[in-house]
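Residues per chain are reported as follows:
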Amino acid sequence: MTRSRDDGSTTARGRLLDAAIAHFGRHGIGDTSLRGIAEAVGTSHRMLIYHFGSREGLLAEVTREVEARRRAVMTATYDADLPPLEAAARYWEDTVEATLRYGPLFFELAAHAMQGREHAAALREDLVAAWLPSITDLCRAIGIPEEQAPTHARLALGAARGLLLDLLVSGERDEVAKAADLLNRLLLLSAEVGGAGVHD
């Protein structure tokens, strides 16, 4: 069983998690064994088992932490007083770079969460529900009516995830970027017309 998650890199567990994230960001996930990961990050497989329970437990925690960092980047980007479309474009490009590094792991672990695997249980909350409050706030900020903001937020999250899957499968970065820009423009248009077309 994995130990409780820490929020920084001040503990041994946090430092190992940071090292694993950095390693996977440089080299991808691949079929590396827990022993191979341990060697790459300068520890032993016993220490990884102690802190994360298993290879799958480590990968689940990497996914949770990467997602948490992506939410922080989203908040910082949209808090930077940029025009909405400029902020959206900047965040999209940053997200694409992160997805090219971590996206295959994200979708693999999302499938594990769907299948009810124990090591991915926490991801059932983290991969959707943890995102919705911040995205709902962004929808309100661009003018989506209060009662419609949660639905728009879920649409935005689901559509963006679909586009990122498209990117990983098709490799058509420019075309996917055009679709992402259209999604953002449609959200802004919806805000301008007061969320028309969404009915309770």
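Counting starts from 1 at the beginning of each chain's written sequence and moves along it residue by residue. Per-residue local features of the predicted model are confined to residues with pLDDT of at least 70, and side-chain atom pairs are confined, for both listing and counting, to 80 or more; whole-chain, interface and lining totals are unaffected and use all residues. The side-chain figures draw on all heavy atoms in the structure; neither hydrogens nor water molecules are used.

To count toward a patch, a residue needs a relative accessible area above 30% and no salt bridge. Like charges then connect within 9 Å, nonpolar side chains (Val, Leu, Ile, Met, Phe, Trp, Tyr) within 5 Å. Shrake-Rupley sampling with a 1.4 Å probe provides the accessible areas, and residues are treated as covered by the protein chains on show and by no other component. The working definition used for a salt bridge is a side-chain nitrogen of Lys or Arg within 4 Å of a carboxyl oxygen of Asp or Glu. On the surface, Leu-182, Leu-186, Leu-189 and Val-193 cluster together into a nonpolar patch covering about 360 Å² of accessible area. Among the structural elements, Leu-189 can be located in helix α9 (residues 173-192). Here's how the labels work: a residue is buried when its accessible area is under 20% of the maximum for its type, exposed when over 50%, partly exposed in between, all with a 1.4 Å probe on protein chains only. The exposure class assigned to Leu-189 is partly exposed, which follows from its relative accessible area of 45%. The secondary structure listing takes helices from DSSP runs of H or I that are at least 4 residues long and strands from runs of E that are at least 2 residues long, numbered from the N terminus.

Within the secondary structure, Ile-142 sits in the loop between α7 (132-141) and α8 (149-170). Along the primary structure Ile-142 and Leu-188 are separated by 46 residues, whereas in three dimensions their C-alpha atoms are 6.8 Å apart. Residues in contact with Ile-142, not counting those within four places in the same chain, are Pro-84, Leu-187, Leu-188 and Ala-191. Contacts are assigned to residue pairs that have any heavy atoms within 4.5 Å of one another.

Residue pairs spaced three or four apart in an α-helix point in one direction, given the helix's 3.6 residues per turn. Expected helix span is taken as 1.5 Å per residue step, with the number of steps being one fewer than the number of residues. End to end, helix α1 (residues 12-27) covers 22 Å across 16 residues, agreeing with the expected 22 Å (1.5 Å per residue, within 8%). Among all positions in α1, only Arg-13, Gly-14, Leu-16, Leu-17, Ala-20, Ile-21, His-23, Phe-24 and Gly-25 are buried. Residues of α1 that are buried make contact with α2 (34-41), α3 (45-52), α4 (55-78) and α5 (84-114). Gly-28 occupies a position one or two residues after α1 and carries a positive phi of about 80 degrees.

Both the distance between ring centres and the angle between the ring planes are used here to describe each pair of aromatic rings. Any two rings among Phe, Tyr and Trp, with Trp reduced to its six-membered ring, count as a pair given centres within 6.5 Å; such a pair is stacked if its planes are under 30 degrees apart, edge-to-face if over 60, and tilted if neither. Summed over the entire model, instances satisfying the criterion amount to two aromatic pairs. Here the aromatic rings of Phe-106 and Phe-107 are separated by 4.9 Å at their centres, their planes lie at 90 degrees, and the arrangement is edge-to-face. Under the relative-accessibility criterion, Phe-106 is labelled buried at 10%. Note on Phe-107: relative accessible area 24%, which makes it partly exposed. It is Arg-71 that lies over the ring of Trp-131; its NZ or CZ is 5.5 Å from the centre. Remark: a charge is flagged as sitting over a ring if the NZ atom of Lys or the CZ atom of Arg is within 6 Å of the ring centre and within 35 degrees of the ring normal.

Okay, the environment of Arg-154 next. With respect to the helices and strands, Arg-154 occurs in helix α8. Setting aside chain neighbours within four positions, we find Arg-154 in contact with Val-128 and Leu-132.

Attention now moves to α9. Across its 20 residues, α9 extends 29 Å between first and last C-alpha, which sits within 8% of the 28 Å expected from 1.5 Å per residue. Three or more residues of α9 are buried, namely Val-176, Ala-180, Leu-183, Asn-184, Leu-187, Leu-188, Ser-190 and Ala-191. Along the axis of α9, the buried residues cluster in a sector spanning 160 degrees; they form a single face. Exposed residues pointing more than 90 degrees away from the buried face of α9 are listed as Asp-174, Lys-178 and Glu-192. On its buried face, α9 is in contact with α5 and α8. Gly-194 sits one or two residues past α9 and shows a positive phi near 75 degrees. Each direction from the helix axis to a C-beta atom contributes to the arc, which is the arc of those directions.

In this section: the confidence of the model for the protein chain. Confidence scores per residue from the predictor, reported as pLDDT, run from 0 to 100. Per-residue confidence for the protein chain gives a mean pLDDT of 89, with 91% of residues at or over 70. Mean pLDDT per element in the protein chain: helix α6 (residues 123-126) is the minimum at 88, and α8 is the maximum at 97. In the model, residues 1-9 has pLDDT below 50 throughout and makes 21 contacts with residues more than four positions away in sequence or in other chains.

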